[in-house]
Amino acid sequence: NAGVTQTPKFQVLKTGQSMTLQCAQDMNHEYMSWYRQDPGMGLRLIHYSVGAGITDQGEVPNGYNVSRSTTEDFPLRLLSAAPSQTSVYFCASSRQGRNTEAFFGQGTRLTVV
Amino acid sequence: GDSVTQMEGPVTLSEEAFLTINCTYTATGYPSLFWYVQYPGEGLQLLLKATKADDKGSNKGFEATYRKETTSFHLEKGSVQVSDSAVYFCALRPNFGNEKLTFGTGTRLTIIP
């Protein structure tokens, strides 16, 4: 019962570097999303996907790219890291439907120096 | 757009005290309402939910009632324990269109023995 798996758990990047945060779920959920968590701001939606091949922007998409080639995987790419992207990132998945529970990964703590 | 306003923290209580964390929302129609909890070093997990007006969600001694007339979903527990120390997030999902969750800023709760 893996649920939602995120890797890595911790990462330090230099300004300008790129990297990919991995997210995989084994529950065959259609809906997947990425959030960032910052002090005093709660969770803000970066990008989301309603199924393989379909992605859309959330509240704070700038500086991030996503793709959804399979139902299971939803990687988040930072194109050119900036200190403002220092945050904790969470991936979540759920079945479609307004009443369904969202399952979250354990998070990736990213520091950009 | 949709929004969730949560009681500012942090909140510190003694064990066995009564807990209330206020949550109000702005949304069109009848959104679904959720409380998520984040224990230290972990991702968020669903605590309880309510999907229509006057519904009461409950779990682990926590309760919250969906009040359409006051657009509120306050979290309560009659007697808190040290193990309840965590960050609590109120969230909503609209009743049409998509599965996007909108979160409040979170309330950090610390219970002292």
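Heads up: the structure comes first, above all this text.
Residues numbered from 1 in each chain as written. Chains lettered and ligands numbered in written order. Predicted model: local features only at pLDDT ≥ 70, side-chain atom pairs only at ≥ 80, totals over all residues. Heavy atoms only, no water.

**Some words on the sheet that holds strand β8 (residues 62-65) of chain B**
Residue and element names in this part refer to chain B.
Here is step 1: With respect to topology, four strands assemble into an open sheet ordered β3-β9-β8-β7, the strand pairing being antiparallel. Every interior strand has two partners, whereas the edge strands, β3 (19-21) and β7 (56-59), have only one. The average undirected angle you get between the axes of adjacent strands in this sheet is 15 degrees.
Here is step 2: One ladder, built from three bridges, connects β8 with strand β9 (residues 75-77); its direction is antiparallel. From the neighbouring strand, phenylalanine 62 faces β9, where its bridge partner is lysine 77. (Pairing = 2+ DSSP bridges. Helix = DSSP H or I, 4+ residues; strand = E, 2+ residues; numbered from the N terminus. Axes fitted to C-alpha atoms, helices over the stretch in contact; angles between N-to-C directions.)

**Regarding the packing of aromatic side chains**
Here is step 1: Under the counting rule described, the total for this entry stands at 11 aromatic pairs over all chains.
Here is step 2: Aromatic pair tyrosine 35 of chain A and phenylalanine 103 of chain B: ring centres 5.4 Å apart, planes at 90 degrees, arrangement edge-to-face. Of this pair, tyrosine 35 of chain A sits in strand β4 (residues 31-38) while phenylalanine 103 of chain B sits in strand β11 (residues 102-103), placing the two residues on different chains.
Here is step 3: Ring geometry for phenylalanine 89 of chain B against phenylalanine 103 of chain B: centres 6.2 Å apart, planes inclined by 90 degrees, an arrangement best described as edge-to-face. (Phe/Tyr/Trp six-rings, centres within 6.5 Å; stacked < 30°, edge-to-face > 60°.)

**Here's the deal with unusual backbone geometry**
Here is step 1: Cis geometry is adopted by the peptide bond preceding proline 8 of chain A, which originates at threonine 7 of chain A and carries an omega value of -5 degrees.
Here is step 2: Inspection of the secondary structure puts proline 8 of chain A in the loop between β1 (4-7) and β2 (10-13).
Here is step 3: The step from glycine 9 of chain B to proline 10 of chain B runs through a cis peptide bond, and the omega angle for that step is -5 degrees.
Here is step 4: Its location among the elements puts proline 10 of chain B in the loop between β1 (3-6) and β2 (11-14).

What is shown is where atoms sit, not what they do.
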